[in-house]
Amino acid sequence: MADQTHVLFVEDDDVIREATQLALERDGFAVTAMPDGLSGLEAFRANRPDIALLDVMVPGLDGVSLCRRIRDDSTVPVIMLSARADSIDVVLGLEAGADDYVTKPFDGAVLVARIRAVLRRFGHASGGDRTADADAAPVGGGVLTFGDLEIDTEGMEVRRAGQPVALTPTEMRLLLEFSSAPGTVLSRDKLLERVWDYGWGGDTRVVDVHVQRLRTKIGQDRIETVRGFGYKLKA
């Protein structure tokens, strides 16, 4: 397991859990599969996986609450799994700190592709190779300043009014995209392509929730909504 990408998978349906675990292992991942949120939290703390797949509706500690607990002390990538494309489920999961979500029933190949896309953003390759992807390199170099906001694109650190700002890797990549073209409107589709590595159409709610999370950390007025087009960072 030491030289493989380790996936924590929390799912209460025995058939889905076993079938998905086998599929992921065939693709070269090491998988720890747990049937409920409390055992999932224990497994996370004991094993420190590279990525977590959390079903929203699991007993003991639901997936959204588990995601929050993970986010209390880790920026490990999290993908939520939901049986419905329900707006409340999706938004709650993303607001809790999830990086992406997949709706059940899902195709195994699609799930693996989404996992690999997230891992590339976080500097892991898929299925056991931990070499960083060249495409995941940070945008630009040096320290960028926007009012009281400072972005160190080499040290991957952000400060606001001199105080450090804790961002998840997805939030950091989103901010780097904005800061690479201040004042330029970036569409939701473009952000999905550049930050989430989607080569296909994706759910723009992922972008909207992450922008809102980013705003709460760097200032609500720092990122401007351009209605009908997208978002831009105020220069």
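Because the structure is predicted, anything quoted here is derived from the model rather than measured. (Residues numbered from 1 in each chain as written. Predicted model: local features only at pLDDT ≥ 70, side-chain atom pairs only at ≥ 80, totals over all residues. Heavy atoms only, no water.)

Q: Got a sec to walk through the overall build of the chain? Specific residues and values, please.
A: Within the chain, the regular secondary structure consists of eight helices and 11 strands. The buried share among the 235 residues of the chain stands at 48%. A separation threshold of at least 6 residues defines the contact pool for the chain, and within that pool the share at least 24 residues apart is 59%. Taken as a whole, the chain presents about 10,600 Å² of accessible surface, with 50% of it coming from carbon and sulfur. (Helix = DSSP H or I, 4+ residues; strand = E, 2+ residues; numbered from the N terminus. Buried < 20%, exposed > 50% of the residue type's maximum accessible area, 1.4 Å probe, protein only. Contact = heavy atoms within 4.5 Å. Areas by Shrake-Rupley, 256 points an atom, 1.4 Å probe, with all protein chains shown as cover.)

Q: Help me get a handle on the nonpolar core, residues and values and all.
A: Among the nonpolar cores identified, the biggest contains 48 residues, and Leu-54, Met-80 and Phe-178 are the most heavily contacted of them. A per-element tally of this core places helix 8 (residues 205–218) first, with six residues. Apart from the residues within four sequence positions on either side, Leu-54 is in contact with Val-10, Gly-63, Leu-66, Cys-67, Ile-70, Val-78, Ile-79, Met-80 and Leu-81. By size, the runner-up hydrophobic cluster in this structure holds 17 residues, among which are Leu-53, Leu-81, Leu-111 and Leu-119. (Core = buried A, V, L, I, M, F, W, Y, C linked by side-chain atoms within 4.5 Å.)

Q: Go over the side chain of His-6, please, and point to the residues and values.
A: Position of His-6 among the secondary structure elements: in strand 1 (residues 6–10). A polar side-chain atom of His-6 sits 2.8 Å from a polar atom in the side chain of Thr-32. (Polar contact = N/O pair within 3.5 Å; in protein donor to acceptor, adjacent residues only side chain to side chain.)

Q: So, the confidence of the model for the chain: which residues are in play, and what are the values?
A: Per-residue confidence for the chain gives a mean pLDDT of 86, with 88% of residues at or over 70. Contacts of residues 124–140 to residues separated by more than four positions or lying in other chains number 42 contacts, the stretch itself having pLDDT below 50. (pLDDT = per-residue confidence, 0-100.)

Q: Please give an account of the environment of Glu-154 that cites residues and values.
A: Tracing the chain through its elements places Glu-154 in the loop between strand 7 (149–152) and strand 8 (157–160). The sequence separation of Glu-154 and Val-143 amounts to 11 residues, and the corresponding C-alpha distance is 7.7 Å.

Q: Any details on the packing of helix 2 (residues 37–47) against helix 3 (residues 63–71)? Residues and values, ideally.
A: The axes of two packed helices give the description: the angle between them and the distance between them. For the pair helix 2 and helix 3, the least separation of the axes is 10 Å and the interaxial angle reads 20°. In this view, helix 2 runs roughly parallel relative to helix 3, as classed from their interaxial angle. In this structure, helix 2 meets helix 3 at a crossing whose hand is right-handed. Contact with helix 2, carried on its side by Gly-37, Gly-40, Leu-41, Phe-44 and Arg-45, involves Leu-66, Arg-69 and Ile-70 of helix 3 and no other residues of that element. Looking at the contact of helix 2 with helix 3 residue by residue, the classes come out as four nonpolar, two polar and two charged. (Axes fitted to C-alpha atoms, helices over the stretch in contact; angles between N-to-C directions. Parallel < 35°, antiparallel > 145°, perpendicular 65-115°, else oblique. Left-handed = near helix turned anticlockwise from the far one by under 90°. Nonpolar A, V, L, I, M, F, W, Y, C, P; charged D, E, K, R; others polar.)

Q: Tell me about helix 7 (residues 188–195), and please be specific about residues and values.
A: Listed in full, the buried residues belonging to helix 7 are Leu-191, Leu-192 and Val-195. The arc enclosing the buried residues of helix 7, seen along the axis, measures out at 105°, which places them on a common side. Along its buried surface, helix 7 packs onto helix 5 (108–121), helix 6 (169–180), helix 8 and strand 11 (230–233). After helix 7 finishes, the residue Asp-197 shows a positive phi value of roughly 60°. (Arc of directions from axis to C-beta.)

Q: Which residues make up the sheet that holds strand 3 (residues 51–55), and what values go with them?
A: A sheet is described by the order of its strands in space; here five strands give the open sequence 2-1-3-4-5, paired in parallel fashion. Strands with a single pairing partner mark the edges of an open sheet, and in this sheet they are strand 2 (30–34) and strand 5 (100–103). With direction set aside, neighbouring strand axes in the sheet form an average angle of 20°. Against the sheet, helix 1 (residues 14–26) touches strand 1, strand 2 and strand 3, its axis set at about 170° to strand 2. (Pairing = 2+ DSSP bridges.)

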